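Report on the structure
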Amino acid sequence: MGYFGTIVALLALLALAWRYLGGYMEAVFAGRVRYLAWAERPVYWALGVDPEAEQPWPRYAAALVVFSGTAILVTYALQRLQGSLPFNPQHLGAVAPALSWGTAVSFVTNTNWQSYAGETTMSYFTQMAALTVQQFVSASVGIAVAVALVRGFSRRGSPTIGNFWADITRCTFYVLLPVAFVAGVVFVAQGAAQTLAGPVAVHNPLDGVAQVIARGPVGFMEPVKELGTNGGGFFNANGAHPFEDPTGLTQFLSCVLVLAIPVALTYTFGRMVGSTRQGLALLAAMAVIFGTWLGFSSYAESQPNPAVAAAHVVAQPAGNMQGKEVRFGPMPTTLYNIASTQTSTGSVSGANDSFNPMGGFGLISGMMLGEVSPGGDGSGLYTVLLFAIVAVFVGGLMIGRTPEYLGKKVQAREVKLAALGVLVMPVTVLVLSAVAVSVHAGRAAIGNGGPHGFTEILYAFVSQANNNGSAFAGLDANNAFYNITGALAMLLGRFGVIVPTLALAGTLASKGTVATSAGTFRTDTPLFVGLLVGVILIVGGLTFFPAVSLGPLAEQLSKGLFR
Amino acid sequence: MTALAAPPPSSPQATPPPAKGVAQPRSLFDLEILRLAAVGSLRKLSPRAQVRNPVMFVVLVGTGVTFLEAIAHPSVFSWSVTAWLLLTVLFANFAEAMAEGRGKAQAATLRRTRTGTLARRLGAGGSEERVPTSALSRGDLVVCEAGDLIPSDGEVVEGIASVDESAITGESAPVIRESGGDRSAVTGGTKVLSDRIVVRITAEPGHTFLDRMISLVEGANRQKTPNEVALTILLAALTLVFLPVVVVLQPFSRFSDILSHTHGSLDVVTLVALLVCLIPTTIGALLSAIGIAGMDRLVQRNVLAMSGRAVEAAGDVQTLLLDKTGTITLGNRVASRFVPVGGHDDQEVAEAAQLASLADETPEGRSVVVLAKRLFQIRERDMAEGPVFVPFSASTRMSGIDLGARRVRKGAAGAVRQWVAAQGGTVPPELDDVVEGLARSGSTPLVVADGPEVLGVIELKDVVKEGIRERFDNLRAMGIRTVMVTGDNPLTAAAIAQEAGVDDYLAEATPERKMELIKAEQAGGKLVAMMGDGTNDAPALAQADVGVAMNTGTTAAKEAGNMVDLDSNPTKLIDVVEVGKQLLITRGALTTFSIANDVAKYFAIIPALFSATYPQLNALNIMRLHSPTSAVLSAVMFNALVIVALVPLALRGVKWRPAPAMVALRRNVLVYGVGGLVVPFVFIKLIDLFLTAVGWH
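Remember, it's a predicted structure, so these values are computed and weren't measured experimentally.

1. Digging into the sheet that holds strand 11 (residues 319-323) of chain B
Hydrogen bonds between backbone atoms are what pair the strands of a sheet, whose relative direction is either parallel or antiparallel. All names here are of chain B. On the basis of which strands lie adjacent, the open sheet formed by seven strands has the order 10-22-21-20-11-18-19 and mixed pairing. On the outer flanks of this sheet lie strand 10 (303-305) and strand 19 (504-506), each paired with one strand and no other. Adjacent strand axes in the sheet meet at a mean angle of 20°, parallel and antiparallel pairs treated alike. For strand 18 (residues 481-485) and strand 19, the ladder comprises three bridges, and the chain directions are parallel. By the bridge assignment, Val483 is partnered in strand 19 with Asp504. Of the strands in this sheet, strand 10 and strand 22 (563-565) touch helix 10 (residues 281-300), which is tilted by about 145° from strand 10.

Listed below in structure tokens is the structure:
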């Protein structure tokens, strides 16, 4: 199957996911899907909550923060205690405190930034009970927030926005677990490792080399890494490791899983607000950005690597092969990495660091736009909705009405919360990057000189503040400075957006709706899609243009723009 | 003539210029206003005034920083940038002062109207005492006679008088004010022309309509409107985010110098210049001017909005309740046809109808005479026999003429029928059909009889105003529903509604039914505008999102509404909506323009900023600007000059024509969005060429 065929098949599967997974999720969050009610009940009983009792936004947000805080503590504790816990065939000791803290925050915030090599740091128990559990529930948290915000749009004069406990439980039970299980069967059937028996030592009699081959319960962990837009791999090599991603089919399936929920949520949104065209408009804006960046990076990576070309050792007929997944070549690797960086997943199938400068720019800039194309599970939808409010506000004035979106008047409070949600990420990235380049600990960690070195630092904070988790490599991030500042970036990038989003949901839900007429700003038209894309590009462009010009842009220009 | 009624002092020099109401035409760039605005822009430099506008406050602080830097490290560049940054602030002040200027000038005219004369207060025993106007309080009774200025707002409790209200409305024809009913309200500052009235004061001193009007046109206690607040928040947020964007460039560039072993020269002046260019100064500078000018545009149309909030709401209105009479129809029914019955011909009907209407001074009566003349050249005729005119009375419901033995009458069908029967005449059988047919088509039938003989029927029609249909079509295109409100029966209402092209109608309207209609529309999420004048309209005016009270209306109505139309012209409602929309569009368009401008400014400044560290970034200098300093200065100059260039647009409002929302949006995005991207590239380049030409290095 050629690259083009791959993309057509991907689009076809995503179209099905959009319609059917999206419709299914609408039913799940409306409480109409109950076949696992017997499994839900003990959870609510244990938590002591009534799933039917709706919460106003401050209680919803408080529940979310308490849940996430507890999750961080539990994940931290399990890492620190793994030496005395079961399923530890390698007898790995406690994970270092700074790393445990960074990793706990990273998994709870759906970032999955990994400053460690999983196969030599984490026991099977930690991988399963601490990290994989968070890969499920952190995705559920994101989706719950998105659903709560959409409820804000679809309700009138309602004091509540749903029940947090019911939302995450149902999301985990009805959406993530079933899909991840089915996909896990496929991964294992394709050859992904799935064992608790520990690593094996092999001795190759031909060349006399003895190796230890790491293994683990990888196959059933892998799908949720993608489906939950997490990206936390079992192995250090992440998706480039054949035990994680054994075949071309699983590589392709990974791309589908990564994009499925963010894409499908736009349909869920459309159904909840009563017009799937509204969801289609958001999806179109996401698709325009995704498609542009995919085309851009694909083109950049089809070009030879300038450094290799300068060495005159090999011809590069296939484009830039350096750091690519050698089994699949530059294009599928680029597709995988673009899908993963634009969905806040962050798993990689090739080294981002080795992309051509402008190919690498495609990866980083997708994140700089706020992870909305289509973004992470839930976070993509709620962030794009924040941008939509800003777009509606500016554009709506131009039709001579005080702006409204989906029948809700956009007034001072809405603008304040949306602007806050949109601007937290760039400010976090810029300020923390400035700190990093100003202190010794921050400067010492870079692996390269010139603009590339600056890009390494910038990428680290862009990735973490967007809860993406992909690494540009080159940067030695496993130290106190980067673990602490990184955790700060992840927390701000996650909860600094979630809390204003929930406040917005509460405000919107309590409002009445305005009737639509020919005088209404229609938000389901190509014009609005264009406006939304424009606002996303302008906000991202204006905040990051100077920084980008000191990083990838300066690097690419020093080598001539594409050859 | 008694001493009390002495004519006012009339030396020609002392009399104020003839007042023409508030809506005096004044050029946008009246020299006097320009002069005042120039002074005002300096006065507004005080930090207390600046802090109200976060965007311009940042510019002012930035100017201070570059000023200090220019003193510490003097150079032509740093002083030039400082000067242009200061000009940016001054230009913003100038825009606001210009917008306020017109209101101030109008307020000054109005102040002259305020009387310094003494009021004649009635004491308990009917005695009169002279007190200053400011001593009058609510409930006092004052006497006003011909030539007196009415001292304060009030209600006529005794007498009838003609009053010249031109000082307020600009309309020179006097109006009648009398006790009781809906014509009892009088406004302080207007002049009694004839007769004597006793007025009960209804306003506390300093809170009269005139006082409110002065403070409104002057914008004395102007408050930010909800949408303006929201926009200010967005602009403040953008300003706040650009602060770190620019500040971090210092460490970023120092680190880049270390990485690349270069020596960049990132100076503070350039950084401040970049910050000022990036924050939305254009809209920040013009925002309050746009708001003031919007209120002013309403004043130009003789409408006073009690708050900016109401102007904004006008842009959002989705349903307009329009009174039929005066708005949709000319107000009077007009004879349009003579329909004969019982074997007579139409000329006979016309002849008799003309006779019966000769003395009828009502507009309907006159229109009968006009029609008869037009159709059959029936003119005035010999009245030698000594005609006796029979006026209309509520009990007979007929009017007519007795000409010797001949008795001609016209009137309501039932009344004429009775009258004919009383004389032993018979009614032709087809009369009922004719009368009913006319009524069904929306007309009013008047039956004409000559003695016991019924001749035929005059058809009186409501005449729909010319061009009103197109206006409704435009409103519909903008998504505004029009509802005609009339006291007519449903049949008549339906016919007129169809002819005028309104979307819906409310027949046999009562204040209660109007109220119900407004509430029903609002429950459906719609914003409603209406106009009214009577006391019984007051609750509906208060309930409507935009309630325009006519100036001729009662005090209760004026207090309930959030706008007052000084012309008392019901068609104004449509103008009000247009002004509201134009105000919002202007805001949105300039915001879009301002933000789109940033792209070009980046391309001008970024290559200049890092030219020493990464010379290759000069590839981004797509405008091929001469040097780093000329690039920065050009961008700053453009940023300042664009404010001045846009002042007329801000004051006049963007060009507006009725269109569906998405058509308007496409046009504005194209003009102000795409235009905002392109224009600065051109002008920054031109400024750079100019700087190079005058020898800038």
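Having seen it, we continue.
2. Examining the interface of chain A and chain B
Each side of the interface is counted separately: chain A has 60 residues, and chain B has 61 residues. Interface area, chain A with chain B, both sides summed: about 5000 Å², of which 79% is carbon and sulfur. Among the residues chain A hides against chain B, the three largest losses belong to Met398, Leu542 and Leu550 of chain A. Together they make up 15% of the total. For the pair chain A and chain B, the interface holds one salt bridge. Across the pair Lys409 of chain A and Asp316 of chain B runs a salt bridge whose closest N-O atoms are separated by 3.1 Å. Elements supplying a minimum of two residues to the side of chain A that touches chain B: helix 14 (379-397), helix 15 (412-438), helix 17 (450-465), helix 19 (526-550) and helix 20 (552-558) of chain A. Examining the composition of the side of chain A that touches chain B, we find that twelve residues originate from one element, helix 15 of chain A, more than from any other.

3. Points about the nonpolar core
Formed by 301 residues in total, the largest nonpolar core has its most connected members in Tyr405 and Leu532 of chain A together with Phe242, Phe252, Leu320 and Met563 of chain B. It is helix 22 (residues 572-609) of chain B that contributes the most residues to this core, 19 residues altogether. Apart from the residues lying within four places of it in its own chain, the contact partners of Phe242 of chain B are Leu542 of chain A together with Leu275, Leu278, Ile279, Asp598 and Tyr602 of chain B. Ala335, Ala356, Leu371 and Ile401 of chain B belong to the second largest nonpolar core, which has 22 residues in total.

4. Comments concerning helix 1 (residues 3-29) of chain A
Taking 1.5 Å as the rise per residue, helix 1 of chain A with 27 residues should run 39 Å; its terminal C-alpha atoms sit 36 Å apart, in good agreement. The axis of helix 1 of chain A is deflected most strongly, by about 30°, at Ala17 of chain A.

5. Quick word on the environment of Leu573 of chain B
Structurally, Leu573 of chain B is set in helix 22. Along the sequence, Leu573 of chain B and Met531 of chain B sit 42 residues apart, while their C-alpha atoms lie 6.9 Å from each other.

6. Considering helix 7 (residues 226-247) of chain B
Here helix 7 of chain B spans 32 Å end to end across 22 residues, near enough to the 32 Å set by a 1.5 Å rise per residue. Most of helix 7 of chain B is tucked away: 17 of the 22 residues are buried.

7. Some points on a nonpolar patch on the surface
On the surface, Leu670, Val671, Val674, Leu677, Val678, Val682, Phe683, Leu686 and Leu689 of chain B cluster together to form a nonpolar patch covering roughly 760 Å² of accessible area. Mapped onto the elements of the fold, Leu677 of chain B is located in helix 24 (residues 661-693).

8. Re empty space enclosed by the protein
Residue and element names in this part refer to chain A. This model, assessed by the stated rule, comprises three cavities of 30 Å³ or more. Within this model, the largest cavity holds a volume of roughly 210 Å³. Together, 23 residues line the largest cavity, and Gly370, Thr383, Met425, Asn466 and Val497 are the ones closest to its centre. Contributing elements (two or more residues each) for the lining of the largest cavity: helix 14, helix 15, helix 18 (480-510) and helix 19. Per-element tally for the lining of the largest cavity: the top contributor is helix 19, with five residues.

9. Focus on the packing of aromatic side chains
Scanning all chains against the criterion turns up 23 aromatic pairs over all chains. Here the aromatic rings of Phe164 of chain A and Trp165 of chain A are separated by 5.2 Å at their centres, their planes lie at 70°, and the arrangement is edge-to-face. Comparing Phe164 of chain A with Trp165 of chain A shows no difference in burial state: the two are buried. Taken together, a centroid distance of 5.1 Å and an interplanar angle of 40° make the contact between Phe545 of chain A and Tyr602 of chain B tilted. On the criterion of chain membership, the pair formed by Phe545 of chain A in helix 19 and Tyr602 of chain B in helix 22 is interchain, its members lying in two chains. Classification of Phe545 of chain A as buried rests on a relative accessible area of 18%. In this structure Tyr602 of chain B comes out as buried when scored by relative accessible area, which is 2%. Members of the aromatic cluster, joined through ring pairs, are Tyr60, Phe67, Phe164 and Trp165 of chain A.

Analysis parameters
Residues numbered from 1 in each chain as written. Chains lettered and ligands numbered in written order. Predicted model: local features only at pLDDT ≥ 70, side-chain atom pairs only at ≥ 80, totals over all residues. Heavy atoms only, no water. Pairing = 2+ DSSP bridges. Helix = DSSP H or I, 4+ residues; strand = E, 2+ residues; numbered from the N terminus. Axes fitted to C-alpha atoms, helices over the stretch in contact; angles between N-to-C directions. Contact = heavy atoms within 4.5 Å. Buried area = accessible area lost by both parts, 1.4 Å probe. Salt bridge = Lys/Arg side-chain N within 4 Å of Asp/Glu carboxyl O. Core = buried A, V, L, I, M, F, W, Y, C linked by side-chain atoms within 4.5 Å. Buried < 20%, exposed > 50% of the residue type's maximum accessible area, 1.4 Å probe, protein only. Expected span 1.5 Å × (residues − 1). Bend = angle between axes of the 7 residues up to and from the residue. Patch = residues over 30% accessible without salt bridge, like charges linked within 9 Å, V, L, I, M, F, W, Y side chains within 5 Å. Areas by Shrake-Rupley, 256 points an atom, 1.4 Å probe, with all protein chains shown as cover. 1 Å grid on protein atoms, 1.4 Å probe; cavity = no way out; pocket = protein on both sides within 12 Å on 5 of 7 lines; lining within 4 Å. Points joined across faces, edges and corners; volume = space filled by probe spheres on them. Phe/Tyr/Trp six-rings, centres within 6.5 Å; stacked < 30°, edge-to-face > 60°.

Note that every value here comes from positions in space, so none of it alone points to a role or purpose.
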